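Coordinate inspection notes
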Amino acid sequence: MDLNINGKRALVFASSEGLGKAIAKELVAEGAKVIISSRNSEKLASAAKEINAVDFIPCDLLVKGAARDLTRAAIEKLGGLDILVTNAGGPPTGLFKDITTEQWESSYQSLFMSLVEAVQVALPEMSKTGWGRILMVTSVAAKEPIANLTISSSLRAGVHGLVNAVSKEIGVNGITINALMPTFTATERLKELRPNAEDLISKIPMRRLGKPEELGKLTAFLASDHAGFITGQAIAYDGGSLAGI
Ligand SMILES: NC(=O)c1ccc[n+]([C@@H]2O[C@H](COP(=O)([O-])OP(=O)(O)OC[C@H]3O[C@@H](n4cnc5c(N)ncnc54)[C@H](OP(=O)(O)O)[C@@H]3O)[C@@H](O)[C@H]2O)c1
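Residues numbered from 1 in each chain as written. Predicted model: local features only at pLDDT ≥ 70, side-chain atom pairs only at ≥ 80, totals over all residues. Heavy atoms only, no water.

**Observations concerning the site of the ligand**
As a matter of local geometry, the ligand sits amid 27 residues, with Ser16, Ala88, Arg156, Thr185 and Arg189 nearest to it. Between the ligand and serine 16, the relevant distance is 2.7 Å, taken from an oxygen atom to a side-chain nitrogen or oxygen of the residue. At a separation of 2.9 Å, a nitrogen atom of the ligand approaches a polar side-chain atom of aspartate 60. Its free accessible area being 890 Å², the ligand has 91% of it covered by the protein chains. Broken down by class, the residue content of the shell around the ligand amounts to eight nonpolar, 13 polar and six charged. (Near = heavy atom within 4 Å. Polar contact = N/O pair within 3.5 Å; in protein donor to acceptor, adjacent residues only side chain to side chain. Areas by Shrake-Rupley, 256 points an atom, 1.4 Å probe, with all protein chains shown as cover. Nonpolar A, V, L, I, M, F, W, Y, C, P; charged D, E, K, R; others polar.)

**Points about the packing of aromatic side chains**
Aromatic ring pairs are described here by two measures, namely the spacing of the ring centres and the angle between the planes. Overall, the coordinates contain two aromatic pairs when judged by the stated rule. With a centroid separation of 6.2 Å and 55 degrees between ring planes, the pair formed by phenylalanine 96 and tryptophan 104 is classed as tilted. With a relative accessible area of 22%, tryptophan 104 lands in the partly exposed category. Plain terms: the ring middles of tyrosine 108 and phenylalanine 112 are 5.6 Å apart, the flat faces sit at 10 degrees to each other, and that makes the pair stacked. Linking tyrosine 108 with phenylalanine 112, this pair stays in helix H4 (residues 101-129), spanning four residues, or about one helical turn. When its relative accessible area of 38% is taken as the criterion, tyrosine 108 is described as partly exposed. Seen from the ring of tryptophan 131, lysine 8 lies directly overhead, with NZ or CZ sitting 4.0 Å from the centre. Over the face of the ring belonging to tryptophan 131 we find arginine 133, whose NZ or CZ atom lies 4.2 Å from the ring centre. (Phe/Tyr/Trp six-rings, centres within 6.5 Å; stacked < 30°, edge-to-face > 60°. Buried < 20%, exposed > 50% of the residue type's maximum accessible area, 1.4 Å probe, protein only. Helix = DSSP H or I, 4+ residues; strand = E, 2+ residues; numbered from the N terminus. Lys NZ or Arg CZ within 6 Å of the ring centre and 35° of its normal.)

**A closer look at the pattern of salt bridges**
With the rule as written, the count across this model stands at 10 salt bridges. For the salt bridge of glutamate 50 with lysine 21, the shortest nitrogen-to-oxygen distance reads 3.0 Å. You can see glutamate 50 sitting in helix H2 (residues 41-51) and its partner lysine 21 sitting in helix H1 (residues 18-29), a full 29 residues away along the chain. (Salt bridge = Lys/Arg side-chain N within 4 Å of Asp/Glu carboxyl O.)

**Regarding empty space enclosed by the protein**
Counted under the stated rule, the structure contains one cavity of 30 Å³ or more. Counted as a void, the largest cavity has a volume near 60 Å³. If you trace the largest cavity, you find it lined by Thr86, Asn87, Ala88, Ser110, Leu111, Leu115, Val137, Thr138, Arg156 and Val159. Where the lining of the largest cavity is concerned, the elements lending two or more residues are H4 and helix H5 (150-170). Classifying every residue of the lining of the largest cavity gives five nonpolar, four polar and one charged. (1 Å grid on protein atoms, 1.4 Å probe; cavity = no way out; pocket = protein on both sides within 12 Å on 5 of 7 lines; lining within 4 Å. Points joined across faces, edges and corners; volume = space filled by probe spheres on them.)

**Here we look at the environment of isoleucine 134**
The topology assignment puts isoleucine 134 in strand E5 (residues 132-137). Residue classification places isoleucine 134 among the buried residues on the basis of a relative accessible area of 0%. Distance in space between the C-alpha atoms of isoleucine 134 and isoleucine 235 is 13 Å, their sequence separation being 101 residues. Contacts of isoleucine 134, omitting those with residues within four sequence positions, involve Leu84, Val119, Leu123, Met126, Ile170, Ile175, Thr176, Ile177 and Asn178. (Contact = heavy atoms within 4.5 Å.)

Nothing here speaks to function; it is all geometry.
Encoded structure:
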């Protein structure tokens, strides 16, 4: 199936490795002109070369205003923006009693306000062409909170509210907005953190971890012309993990 995104201009957040890189790679494979971003310039340069991204822009999403500057810089380099994929580094884990106010505030910037800042900048650009796709990587923890992922479970549920609320305003401009909820997916980081992932796998009905490239393909489809009637949704990539209807 031709996704018809050849030449579309895309920005993917937090994409020097892991899920973000897999998503960027699939968009490139479909012919999109992709800019990747993360904090570390060396990792970015290597990833951009590997996946054939058109460019990279360093950015620390923990910093207030950084996502706004990043999105503006990408628009300048690409001459506009058609596809925005937000992603971020994983927030601190821990029980509520152990999480500091500073951790809540920095995570709020990275997991929530960076998305708001990016969408504020992206919407006027997408509205100019009457076509746009906004995709936000969250987590299954946003729908069914996971022990120890207190920050992720809380703030990402808010992102789903944002996605649904904003979808009502922007459909008229030909722009869709959706969230993607991965379950445990075999990125290098997860493999390092959990070399023996049997306990995680046992909770997934398909009895395996997710594959970053599969999430990439799902994201590319949602960024395509064919997904133009899907908006305001939080779509699970979870091997059947979520129990709710
Ligand atoms: N993998 C899973 O099983 C899974 C499941 C559900 C949800 N998630 C969520 O999906 C996101 C990506 O997960 P992943 O497994 O792909 O992680 P990963 O392999 O550790 O990759 C994280 C990416 O984010 C970048 N990054 C980290 N902190 C950043 C910051 N402050 N500003 C900008 N970029 C930053 C990293 O590059 P730099 O170090 O160069 O900045 C890297 O490119 C995380 O938020 C995670 O919580 C993951």
